[in-house]
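# Chain and residue survey
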Amino acid sequence: MQDTPDRYSRHILLEVVGQTGQDKIQKARVLVAGLGALGSTICILMARAGVGFLRIVDKDAPELHNLHRQILYNEIDVSLGIPKAHAARINLLSVASNVEIDAINEEIAKTNIYRLLDGIDLVVDALDNSETRFIVNDAIVDLKIPYIFGGAVETVGNVMTIIPGRTPCLRCIWPDPSSIVGHAKAATVGVLSSVASLVASVQVTEAFKVMVGDIESAIPGILVIDVWKNQFHVVPVKPNPNCDCKKINS
Ligand SMILES: [Zn+2]
């Protein structure tokens, strides 16, 4: 479909975005790491906002128990067993054919992370495990690429914006990744569909702030949300001068 000048008018009208900000959004090159519940909402909002290039990565195919929160997929995708990356690309292009989408059906690992980050200027985290998050963390610190961390389980969500050299990375806060390996996962304790969508929406908001260059407005710490208990607060965090990520990448 041919674009019209008013396609993004409701974003352009915003004082915090404007035409200049929208132009930057349309030039942004973003890696969405993981295509589950968070990745679904992140991709939908970003594609509809006109983010110029999306590299979307996941190794799984959608299953029926994913559909309650993974809003990128439908029952046909499940019955056909199409990989999430490919199903997501088809569904995203149906509403945003002007966006370039690089769909990659792979597991993120130490062996491919630098290839996946090639040409990328922002990473949005939609992963479901700490091990992979730390692989991404170490690479983005090394390459100085901003990274929007997010997680959701049960009724709780977290969001943190990592600007390498300026804000703490994951290792600054959790020096020992093995200490968080045992953290609860949606597969064992469940996740409320709405908290995943909320966390993803906050992550996309943080991504927009980075894209338009308004880093000063980013969340000043870790946002901790419990939607059931009506709790929304920011825990302040500081960079760790002895962070292991510096040693890992030296
Ligand atoms: Zn660090």
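What comes next is a walk through the structure.

What follows concerns the coordination of the zinc ion. The coordination sphere of the zinc ion, as far as protein atoms go, consists of C169 (SG), C172 (SG) and C243 (SG), spread over 2.2 to 2.3 Å. Considered as a linear motif, the donors of the zinc ion on their single chain read C-x2-C-x70-C. Here C169 is found in the loop between strand 6 (156-162) and helix 8 (170-173), whereas its partner C243 is found in the loop between strand 8 (231-235) and helix 11 (244-248), with 74 residues between them in sequence. Side by side, C169 and C243 carry an identical accessibility label, which is buried.

Axis separation between helix 3 (residues 37-48) and helix 10 (residues 193-212) bottoms out at 8 Å; the angle between their running directions is 45 degrees. Accordingly, the angle class assigned to the pair helix 3 and helix 10 is oblique. Of the two possible hands of crossing, helix 3 and helix 10 adopt the one that is right-handed. On helix 10, the residues that touch A37, L38, T41, I42, L45 and M46 of helix 3 are A196, S197, V199, A200, S201, Q203, V204, A207, F208 and M211. Broken down by class, the residue content of the contact of helix 3 with helix 10 amounts to 12 nonpolar, 4 polar and no charged.

Each aromatic ring pair is characterised by the separation of its centres together with the angle its planes make. With the rule as written, the count across this model stands at 1 aromatic pair. Sitting over the ring of F53, R29 keeps its end group 4.0 Å from the ring centre.

Attention now moves to the nonpolar core. Of all hydrophobic cores here, the largest spans 48 residues; its most connected members are V30, I42, M46, L54, I56 and M211. Elements with a minimum of two residues in this core: strand 1 (29-33), helix 3, strand 2 (53-57), helix 5 (84-93), strand 3 (100-104), strand 4 (122-125), helix 10 and strand 7 (222-226). Per-element accounting of this core gives the leading share, 11 residues, to helix 10. Apart from the residues within four sequence positions on either side, I56 is in contact with V32, L35, C43, A85, A88, R89, L92, I101, D102, A103 and I104. One finds F53, I135, A139 and C169 within the second-largest nonpolar core, a separate group that totals 29 residues.

Attention now moves to unusual backbone geometry. Positive phi, close to 50 degrees, is recorded for E154, a residue that is not glycine. Relative to the helices and strands, E154 resides in the loop between strand 5 (147-153) and strand 6. You can call E154 partly exposed: its relative accessible area is 39%. Unlike most non-glycine residues, N230 shows phi in positive territory, near 60 degrees. Mapping N230 onto the fold places it in the loop between strand 7 and strand 8. The class for N230 is exposed, based on a relative accessible area of 63%.

Cut-offs and rules
- Residues numbered from 1 in each chain as written.
- Predicted model: local features only at pLDDT ≥ 70, side-chain atom pairs only at ≥ 80, totals over all residues.
- Heavy atoms only, no water.
- Donors = N, O, S within 2.8 Å, 3.2 Å for Na, K, Ca; no water.
- Helix = DSSP H or I, 4+ residues; strand = E, 2+ residues; numbered from the N terminus.
- Buried < 20%, exposed > 50% of the residue type's maximum accessible area, 1.4 Å probe, protein only.
- Axes fitted to C-alpha atoms, helices over the stretch in contact; angles between N-to-C directions.
- Parallel < 35°, antiparallel > 145°, perpendicular 65-115°, else oblique.
- Left-handed = near helix turned anticlockwise from the far one by under 90°.
- Contact = heavy atoms within 4.5 Å.
- Nonpolar A, V, L, I, M, F, W, Y, C, P; charged D, E, K, R; others polar.
- Phe/Tyr/Trp six-rings, centres within 6.5 Å; stacked < 30°, edge-to-face > 60°.
- Lys NZ or Arg CZ within 6 Å of the ring centre and 35° of its normal.
- Core = buried A, V, L, I, M, F, W, Y, C linked by side-chain atoms within 4.5 Å.

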